[in-house]
Amino acid sequence: MHSSSFAPRFSTKMLVFPPRCLKLAKLQLLYGASRYRRYIQSAPSDCPAVEVNFSNGRHITLSSGKLARFANGTAVSQMGDTAVMVTAVAKPKQAPGASFMPLVVDYRLKSAASGRIPMNFMRRELGPSEKEILSARLIDRSVRPLFPADFRTETQLVCNILSMDSVYSPDILAINSASMALSLSDIPWNGPIGAVRVGLCDGEVVVNPTRRELQTSQLDLVVSATKHNLVVMLEGKGNVVLLQDLLKAVKQGTREAQFIINEIERLQKMYGRKKRTVEAPPSTETEISDAVKSMCEMRLREIFQDATHDKITRDNAVNEVRTNVIDKVWSSYPDTEPSLIAEEFNKICKSIFRSLLFEGNRRCDGRDYDSLRNISCQVDLYKPLHGSALFQRGQTQVFCTVSLDSHESAMKLDAITALESGLKAKNFMLHYEFPPYATGEVGRIGPIGRRELGHGSLAERALVPTLPHDYPFTVRLTSEVLESNGSSSMASVCGGSMALMDAGVPVTAPAAGVAIGLVTKYENNDTKHLTDYRILTDILGIEDYMGDMDMKVAGTRKGFTTIQADLKVPGIPLKVVMESLQKATDAKGRILDIMGEVIREHRKYPKDCWPVTERITIEPQQRGQLIGPGGMHLKRIYLETGASLTAEDETTYSIFAPSQAAMDEAKEHIDALLTKERIPDLEFGGIYSAKITEIRDTGVMVILYPSMPPALLHNSQLDQRKIAHPSALGLEVGQEIQVKYFGRDPVSGFMRLSRKVLQGAASSIPRSHNKATEEAA
């Protein structure tokens, strides 16, 4: 036999498999395919699972080991009939030269999870929606602070919605699944964390509320916390929630998260894999580090203490020092990589900036910890705009515009997003734009990015509670960042609120936002016992970059409407959170005072460019005359006047016009159409003289007044005897007969007439069509 017959069925090239793949392959080689199959089938019975019970009786089930076992870590969390699987996979080795943590979170709301078919052309899930992107950011911000600082291996979390009911949202389950998957995996991570959603119904805190409870809740807050009651992430919206209620919700959410953390820790001790050793980045020699510090320390201190610097001049000065130090140190130590020298410079620069905040009660721009930057406001910038505002805070400048349109312009949501959010359409949209020139850079302007979506959603949530519920227009608010040096999303809240008032939108109260920063000192990665910390109000971009927290808080003078807290440290105590919220409340009131000097309430006197809306009521039989064949009349009104008509019910139409002049012109068109169909008020049961205009096989067509469209008098209503054709009664065109009026058909709107009922004793005096016409006149 030819030697090729004995060739192996698989290639002999060296392949690299994950450890779990090698284990399964080894089992198959040692015990054969049948026992290997039995191993795979029996493994799920040993899967670890726990049930986390909360104080209000609700529970979450966490399990692992049954699905997606090739991933480094897998977890499934279930609450009610909503189940989410999250897989955690990290590459074996980090890419050379990596300077950051490349974490990717993919979150997809699949239609199949709720028994639906996507209604796009392809009938399958396409690109991520806005809700999916925001949920992915929520998970990223919850888990990222707990990765070791030196861990820079590419890591991916994939959130797979297995099933979704109409009771519980899957985003909270995804955070807890991600926490468990990372804890049980070999990926270095200083977790676990726990996440809960907190509502506020009738003044009582509700943990993990249902969608129905959220509809009546004043608060929708997501709290992610780690052990020792340390807060990792906050994200929420509220209907003007008082400070004490918000603090109570944060405390309760942090305590409830400990139940999840304790159960995941117990599973981690029993089933968790040994963590990988974090590859320490190349370190510089002590001699080189001392040389960099000696050459730049005094110069950096001088730059960061010079309050005359702005963003551009400060960055240029630091870059000049960086370039000079790298060149000189590299010339003295040519064997050292310039990138290592640059990284050492960045560490020293950050250390100096943070230490200066602790040494004195001054920041790099000369302010103390609680001071705001200079604020200036302006409204009604351009006449064609329905509403506009320019908000300037320091070197952050935002231009906001408001456009009003009909309800037909509302954003229609897909079925899955509507099920998740509880809304079928959005009649208020805030679109946030961050062009590259806002930071003096050159970049590509294209599809909106995840950052822009997140900032726009945050500002939108801050303004929604201030809008009226029955506003007759769809509102689009655009916020374009013209200059950025910190907290552009909160500047969008301030400018957007002023633009809404300038557009005449009757907001319940003005809203403002501010960003709070934090700089901490702690030892041995123990953030529970902070040795010292400083809370900064209205932070700059450099303070956000060098600091440990970016807490964005917005609301009215009475309470909060949105909050978002992102940390770079593995959790902060509740005490620091409470102090930050109090400082945000004080700063918010001062910002509202400055805004009130320009515009304090919505504009009462209309602008010429404002759109108008009215309702008209017509008779059911007039719909055809108003709409026309194929909607021809409505299209002509829109093309000639710009006004659009929307049917609210069978007899009521809403007219939207871009101006009062267009409304007047549209109403003239409508009156002209309906005047042709003007009818007298006919009395139910009244007897009228009808003129025959046409003889048909089914009956005769008659009119009661000259301008009336002919109505059918059916054969069955012509005579008490059964007749097959009107000619049997000797009826002719032009002949007048007596008929009785019984109103109109509620569905078709046609008249209901009868001659048959009059062949007995007369019940009333006959009326002629001329008299009916006179009554109509």
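What counts, and where the lines are drawn
- Residues numbered from 1 in each chain as written.
- Predicted model: local features only at pLDDT ≥ 70, side-chain atom pairs only at ≥ 80, totals over all residues.
- Heavy atoms only, no water.
- Salt bridge = Lys/Arg side-chain N within 4 Å of Asp/Glu carboxyl O.
- Helix = DSSP H or I, 4+ residues; strand = E, 2+ residues; numbered from the N terminus.
- Buried < 20%, exposed > 50% of the residue type's maximum accessible area, 1.4 Å probe, protein only.
- Polar contact = N/O pair within 3.5 Å; in protein donor to acceptor, adjacent residues only side chain to side chain.
- Pairing = 2+ DSSP bridges.
- Axes fitted to C-alpha atoms, helices over the stretch in contact; angles between N-to-C directions.
- Contact = heavy atoms within 4.5 Å.
- Expected span 1.5 Å × (residues − 1).
- Right-handed = clockwise from strand over helix to strand, strands pointing away.
- pLDDT = per-residue confidence, 0-100.
- Disulfide = S-S within 2.5 Å.
- Phe/Tyr/Trp six-rings, centres within 6.5 Å; stacked < 30°, edge-to-face > 60°.
- Lys NZ or Arg CZ within 6 Å of the ring centre and 35° of its normal.
- Bend = angle between axes of the 7 residues up to and from the residue.

K.L.:
How should the pattern of salt bridges be read in this particular structure?
P.N.:
Two side chains bearing opposite charge may form a pair once their charged atoms approach each other closely. Applying the stated criterion across every chain, the model contains 38 salt bridges. A salt bridge links K91 to E154; the nearest nitrogen and oxygen atoms lie 3.1 Å apart. Of this pair, K91 sits in the loop between β4 (82-90) and β5 (103-108) while E154 sits in the loop between α2 (130-143) and β6 (155-163), and the two are 63 residues apart along the sequence. Here E235 makes a salt bridge to R141, at a shortest N to O gap of 2.6 Å. Placement of E235 in strand β10 (residues 230-241) and of R141 in helix α2 is noted, with a sequence separation of 94 residues between them. No difference in accessibility class separates E235 from R141, as the two residues are buried. Several salt bridges share partner residues, and in doing so they unite D365, R367, R373, R393 and D538 into one network.

K.L.:
How should the environment of T401 be read in this particular structure?
P.N.:
Residue position: T401 is located in strand β13 (residues 396-405). For T401, a relative accessible area of 14% puts it in the buried group. Taking the C-alpha atoms as reference points, T401 and G443, separated by 42 residues in sequence, lie 24 Å from one another. A polar side-chain atom of T401 sits 2.3 Å from a polar atom in the side chain of T478.

K.L.:
I would appreciate a short explanation of the sheet that holds strand β22 (residues 612-617) in the present structure.
P.N.:
Neighbouring strands of a sheet are bound in pairs by backbone hydrogen bonds; such pairs are parallel or else antiparallel. Read from one edge to the other, the open sheet built from 3 strands follows the order β22-β24-β23, with strand pairing classed as antiparallel. Edge strands, defined here as strands with exactly one partner in the open sheet, are β22 and β23 (644-647). Neighbour-to-neighbour, the strand axes of this sheet turn through a mean angle of 25°, independent of strand direction. Note that β23 and strand β24 (residues 652-657) share 4 bridges and pair antiparallel. From the neighbouring strand, T646 faces β24, where its bridge partner is S654. Of the strands in this sheet, β22, β23 and β24 touch helix α16 (residues 660-675), which is tilted by about 20° from β22.

K.L.:
Explanation requested: unusual backbone geometry in the structure shown.
P.N.:
It is generally the case that most residues other than glycine have a negative phi and that most peptide bonds are trans. Omega for the peptide link from G191 to P192 comes to 5°, which places this bond in the cis form. Tracing the backbone through its elements, the reader meets P192 in the loop between α3 (170-184) and β7 (193-201). The phi torsion at N229 lies on the positive side, around 60°, for a residue other than glycine. Locating N229 in the fold gives a position in the loop between β9 (219-226) and β10. For D538, which is not glycine, the phi torsion reads 55° and is therefore positive.

K.L.:
Please explain helix α11 (residues 488-502) as it appears in this structure.
P.N.:
Spacing of three or four residues puts side chains on the same side of an α-helix, whose turn is 3.6 residues. Between its first and last C-alpha, α11 extends 20 Å over 15 residues, near the 21 Å set by a 1.5 Å rise per residue. Looking at the residues trailing α11, positive phi occurs at G504, about 80°.

K.L.:
Any chance you could explain the pairing of strand β17 (residues 474-483) here in plain terms?
P.N.:
Taken together, the 9 bridges between β13 and β17 define a ladder with antiparallel strand orientation. Bridge assignment links V398 to a residue of β17, and that residue is V481. Relative to β17, strand β16 (residues 428-433) runs parallel, the two being bridged by 6 bridges. Bridge pairing links F428 to V475 in β17. As for the winding sense of the linkage, the β-α-β connection from β16 through helix α10 (residues 450-463) to β17 is left-handed.

K.L.:
Looking at this model, I keep getting lost on the confidence of the model for the protein. Mind explaining?
P.N.:
A residue-level look at the protein finds 91% of positions with pLDDT of 70 or above and a mean pLDDT of 86. Contacts of residues 1-45 to residues separated by more than four positions or lying in other chains number 22 contacts, the stretch itself having pLDDT below 50. Below a pLDDT of 50 lies the segment residues 771-777, which in the model reaches 9 contacts outside its immediate sequence neighbourhood of four places, other chains included.

K.L.:
Would you mind going over the state of the cysteines with me for this structure?
P.N.:
When the sulfur atoms of two cysteines share a covalent bond, that bond is a disulfide. Counted by the stated rule, this structure contains 0 disulfides. The thiol of C349 is unpaired, and the distance to the nearest cysteine sulfur, on C296, comes to 7.6 Å. When its relative accessible area of 3% is taken as the criterion, C349 is described as buried.

K.L.:
Quick question: what am I supposed to make of the side chain of D538 here?
P.N.:
With respect to the helices, strands and loops of the structure, D538 is situated in the loop between β19 (532-537) and α12 (541-546). Using a relative accessible area of 0% as the deciding quantity, one classes D538 as buried. Engagement of the side chain of D538 in a polar contact is seen with the side chain of R373, the distance being 2.9 Å. In this view, D538 contacts R363, R367, S371, L372, R373, R393, V514, A515, I516 and E543; residues no more than four positions away in its chain are not counted.

K.L.:
Hey, could you run me through the sheet that holds β17 in this one?
P.N.:
Ordered by their spatial adjacency, 5 strands build an open sheet running β11-β12-β13-β17-β16, and the pairing between neighbours is mixed. If you trace the sheet from one side to the other, it starts and ends with β11 (375-379) and β16, each paired once. Each strand of the sheet is rotated relative to its neighbour by a mean of 15°, with strand direction disregarded. In the packing of α10 onto the sheet, the strands contacted are β16 and β17, and the crossing angle to β16 comes to about 140°. The strands that α11 touches are β11, β12 (387-393), β13, β16 and β17; relative to β12, the one it contacts most, it runs at about 145°.

K.L.:
Any chance you could explain the packing of aromatic side chains here in plain terms?
P.N.:
How two aromatic rings sit relative to each other is set out by the distance from centre to centre and by the angle between their planes. In this structure the tally under the stated criterion is 8 aromatic pairs. Taking the centre distance of 6.5 Å and the plane angle of 20° together, the rings of Y432 and F434 count as stacked. With a centroid separation of 5.5 Å and an interplanar angle of 70°, the aromatic rings of Y471 and F473 are classed as edge-to-face. Relative accessible area serves as the criterion here: at 12%, Y471 is assigned to the buried category. A connected cluster of aromatic rings, assembled from ring pairs, spans F147, F151 and W189. Sitting over the ring of F434, R451 keeps its end group 4.3 Å from the ring centre.

K.L.:
Would you mind showing me how to read helix α6 (residues 286-304) here?
P.N.:
For α6, which comprises 19 residues, the first-to-last C-alpha distance of 25 Å matches the rise-based estimate of 27 Å (1.5 Å per residue) to within 8%. Along its length, α6 shows its largest kink, about 40°, at C296. Those residues of α6 lying buried are I288, S289, A291, V292, C296, L300, R301, I303 and F304. Buried residues belonging to α6 abut α7 (311-332), α8 (338-359) and α12.

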